[in-house]
Amino acid sequence: MKKLLIASLLLFSLSFSQTIQSPNGKLTLTFALSANGEPTYALSLGSKSVVKTSKLGILLKNQPSFDKGFRIAKTDTSSHDSVWEPVWGEVKQIRNNYRELAVTLHQKAEKDRTLIIRFRLFDDGLGFRYEFPIQQNLQYFIVSGEATEFSLTGDHKVFWIPGDYDTNEYAYSTSQLSTIDATVGHAADEIFARTPVARNAVQTPLMMKSKDGLYINIHEAALVNYPAMNLSVNQKTFALSAVLVPDPVGNKAYLQTPAKTPWRTVIVADNAPAILASKLILNLNEPTKLADVSWIKPQKYVGVWWELHVGVSTWNYADTNNVSLAGTDWSALKPNGRHGANTARVKRYIDFAAAHGFAGVLVEGWNIGWEDWFGQWKEEVFDFVTPYPDFDVKELQQYAAQKGVKLIMHHETSSSVSNYERRMDAAYRFMKEHGYDAVKTGYVGKIIPRGEYHDGQWMINHYARVAEKTGQYQIMVVAHEPVRPTGLHRTYPNWLACEAARGNEFNAWSHGNPPEHETILPFTRLMGGPMDYTPGIFQIKMDYYKNGRTTQVHTTLTKQLALYVTLYSPIQMAADLPENYERFPDAFQFIKDVATDWDDTKILEAEPGDYLTVARKTKGKDEWFIGAITDENKRSSKVSLDFLPKSRKYVATIYADAPDAHREKNPMAYQINSYIVDSSTMLNLSLVSSGGTAISLKPATADDVKKLKEY
Ligand code: NOJ
Ligand code: CA
């Protein structure tokens, strides 16, 4: 603390400073105002500095900024401690426990304009935001930037993707802060709409590890009516500064009092599992306003999807282009004979889902427009209500209902968002009339209105409009290519998941996702919310389809199973083709069994970029699942089952890499064994390069105990 104060004194001549501590006393936040009225903050964990004295402030267009000339009008401190239950999640109950400091600042020279900076200090980190209360001399204003800084203590190891206004579908790089170079090595050609920011700009959630053993994660919470934040890294001082996504004329946000920014978050711990267990971002989001949430159902689904990505079938009905919604006679088009979303094929998926207990069947390519959806930057691509001639909506509605399965609608907007907004109500009514209660949206391509970006204020408001409107229609949403999540699923629990990162699909048609990818995602992208990663690919190599491709998934088959536990989502796809699951019924059993909603989660071991082992207890059931994954390095570890209730026996079914499995040479070799275990059992896990282990733990019957060996 002393060191911190001296450091701040050297930088600024202090006119005011105030300190608060987290509930357990370990984190310390210092707010200070320099002699010329510049607000700053600093954060430490025990004796270690996490964020050195760093600037705060908001830059305004056409008027003096909110970054200096302040004096303290008042400060308020308070505490909060409560427990709440998420509609669905990784744990049944969440504790929200923090100390708060709200600093009200006046700018005397600017007719006493007022800014409030509110800090919430939890045991696992800090959130702070700017608030613009109703006041005489500020009503409508344009944010041109943020002065916010995160001044770090050294050249930390960092897991990052390039700063970009339009996409987050990059593979991660690991480097020091000083060696970040966002211009190289990111397979830029594989991402369709990119707007990279700068060589030294990165995205959040940003995961770092300091030389003195601190794990630090920077992100934001409750991104509402404001652009997303990228970070620009000063590669000499290690100060990160906020870069807001602009609109077409270069402005960042249009606000009207009363207004507030999203929370800026710094999660910190001396161990990696604690970062994954943090609920800080959810706690900083608003509770849901939905009175009835009984219709929101965590679930697993299958769908006409992977077969499109591996080229077995097509989204489009005809091999033509230059179609138009109004001018084309769709029933007169010559079908290409490979259209995936045809009634017979969809029935096959419905049968498969019904036979194996999947709630949903996603169908992509069911609606007219796919002939020229890609890359045209065209406004009227889809109408979201007209099926292709070979997709019988009514017949499928009946068939699915008979089989107790729900179809999941697909709305690829082609990023023509103005078009989608015009048609949204009709589209959701159409869904409800035809028995659909979930939609997968998509935003591939450059945004229309032209000049807007995926992560700018206009689009942030669009995603929220979709979440709100679908909530009114009682429709669940999974969004692909949106901004990365910031915990808004607490407010909109029908917004089940987002893609918003590089998903499994890249393995179908690009050089794919490196073996470490899934060990980084939980520390980065998933900090803000669930991901529709679409795991469960069994047919690892794509040359199987004789499609001329040499692409492959860069994991073993067993690692694909473990992802159902390590990559949390309330909606999980069994992404491979039914035909492939039928080849491996014993391994498929794990996907059939695994839950999507949990009472409890234990992060058993974790290191970003290296490995992760997670255990989760099924909601309302005496049953656990474990997933363990590793990066390109093989790995053995011992895992204690001491989280199980004492003196109760369970059957552990262990899906492991075969000893001769190898992610490139023999990725589909696995072995399955069942044993009797209890809370005193230590499991020996053995994972090959980019391998995994998946385990189900179910209460043992007397018969099981007789038949099975003890572990
Ligand atoms: C990209 C999405 O991520 C993918 O899931 C979808 O199949 C295609 N866009 C087509 O909409
Ligand atoms: Ca995508």
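Refer to the structure above for everything that follows.
Keep in mind that what you see is a predicted model, and the values were worked out from it rather than measured.

Calculation criteria
Residues numbered from 1 in each chain as written. Chains lettered and ligands numbered in written order. Predicted model: local features only at pLDDT ≥ 70, side-chain atom pairs only at ≥ 80, totals over all residues. Heavy atoms only, no water. Phe/Tyr/Trp six-rings, centres within 6.5 Å; stacked < 30°, edge-to-face > 60°. Lys NZ or Arg CZ within 6 Å of the ring centre and 35° of its normal. 1 Å grid on protein atoms, 1.4 Å probe; cavity = no way out; pocket = protein on both sides within 12 Å on 5 of 7 lines; lining within 4 Å. Points joined across faces, edges and corners; volume = space filled by probe spheres on them. Helix = DSSP H or I, 4+ residues; strand = E, 2+ residues; numbered from the N terminus. Nonpolar A, V, L, I, M, F, W, Y, C, P; charged D, E, K, R; others polar. Buried < 20%, exposed > 50% of the residue type's maximum accessible area, 1.4 Å probe, protein only. Arc of directions from axis to C-beta. Contact = heavy atoms within 4.5 Å. Polar contact = N/O pair within 3.5 Å; in protein donor to acceptor, adjacent residues only side chain to side chain. Core = buried A, V, L, I, M, F, W, Y, C linked by side-chain atoms within 4.5 Å. Donors = N, O, S within 2.8 Å, 3.2 Å for Na, K, Ca; no water. Tetrahedral: all angles 85-135°; square planar, octahedral: opposite > 155°, others 65-115°. Salt bridge = Lys/Arg side-chain N within 4 Å of Asp/Glu carboxyl O.

What is the right way to read the packing of aromatic side chains from this model?
The geometry of two aromatic rings is summed up by the distance between their centres and the angle between their planes. Taken as a whole and assessed by the stated rule, the structure comprises 41 aromatic pairs. An aromatic cluster is defined as three or more aromatic residues linked by ring pairs; in this entry it consists of F192, W315, W370, W373, F374, F382, F384, Y420, Y428 and Y473. The ring of F66 has R113 lying over it, and the distance from NZ or CZ to the ring centre is 4.5 Å.

Looking at this structure, how should I read the layout of surface pockets?
Picture a little ball the size of a water molecule; that probe, rolled over the atoms, points out where space is still empty. Estimated volume of the largest pocket: approximately 630 Å³. Along the wall of the largest pocket there are 29 residues; nearest its centre are V224, K289, E468, T491 and Y492. Where the lining of the largest pocket is concerned, the elements lending two or more residues are β19 (253–256), β20 (259–260) and α8 (457–473). Looking at the lining of the largest pocket element by element, the count peaks at seven residues for α8. Tallied by class, the residues present in the lining of the largest pocket amount to 13 nonpolar, 10 polar and six charged.

How should helix α6 (residues 393–403) be read in this particular structure?
Residues lying three or four places apart along an α-helix face the same way, a consequence of the helix completing one turn every 3.6 residues. Buried within α6 are the following residues: V393, L396, Y399 and A400. One side of α6 holds all its buried residues, which, seen down the axis, span an arc of 130°. Looking at α6, the residues exposed on the side facing more than 90 degrees away from the buried face are K394, Q398, A401 and Q402. Tucked inside the fold, the buried residues of α6 contact α5 (343–356), β24 (406–412) and α7 (417–433). The backbone nitrogen of K394 has a side-chain oxygen 3.3 Å away, supplied by the residue at the start of α6, namely D392. Just downstream of α6 lies G404, where phi reads positive at about 70°.

What is the right way to look at empty space enclosed by the protein in this model?
Tallied over the entire structure, the rule returns six cavities of 30 Å³ or more. Where the lining of the largest cavity is concerned, the elements lending two or more residues are α8 and β27 (495–498). Broken down by element, the lining of the largest cavity gets its largest block of residues, four residues, from β27. When the residues that make up the lining of the largest cavity are grouped by side-chain class, the tally is 12 nonpolar, three polar and one charged.

Which parts of the structure should I look at to understand the nonpolar core?
Nonpolar side chains in soluble globular proteins tend to end up buried together. Residues F119, F132 and L240 are the most contacted members of the largest nonpolar core, which totals 204 residues. Each residue touching F132, except ones within four places of it in the same chain, is listed here: I58, F66, L115, L138, F141, L255, T257, P258, A259, K260 and T261. Core analysis: the next-biggest nonpolar cluster, separate from the first, contains 19 residues, A615, L641, Y675 and L683 among them.

What exactly am I supposed to notice about the coordination of the calcium ion (ligand 2) here?
Put simply, a metal with four donors set out as a tetrahedron has ideal angles of 109.5 degrees, and one with six donors set out as an octahedron has ideal angles of 90 or 180 degrees. Coordination of the calcium ion (ligand 2) by the protein is provided by E169 (OE), E481 (OE), E499 (OE), E499 (OE) and E505 (OE), with metal-donor distances spanning 2.3 to 2.7 Å. Note that the calcium ion (ligand 2) binds six donor atoms; their angles at the metal cover 51 to 157°, and the shape is irregular. All donors of the calcium ion (ligand 2) belong to a single chain; written as a sequence motif, their spacing is E-x311-E-x17-E-x5-E. Taken together, the positions of E169 in the loop between β12 (157–160) and β13 (173–176) and E499 in the loop between β27 and α9 (506–509) put the pair 330 residues apart, joining distant regions of the chain. For E169, a relative accessible area of 7% gives the class buried.

What exactly am I supposed to notice about the pattern of salt bridges here?
Any two side chains of opposite charge can pair if their charged atoms end up close together. A complete count under the given rule lists 41 salt bridges for this structure. With its nearest N and O atoms 3.8 Å apart, the salt bridge here joins K68 to D67. A relative accessible area of 46% means that K68 is categorised as partly exposed. By relative accessible area, D67 is classed as buried at 18%. In this structure, E395 engages K347 in a salt bridge whose closest nitrogen and oxygen atoms are separated by 2.5 Å. Here E395, found in helix α6, pairs with K347, found in helix α5; they are 48 residues apart in sequence, far enough to count as distant. Since its relative accessible area comes to 34%, E395 is described here as partly exposed. Where salt bridges share partners, they join E100, R118, R120, R129 and E131 into one cluster.

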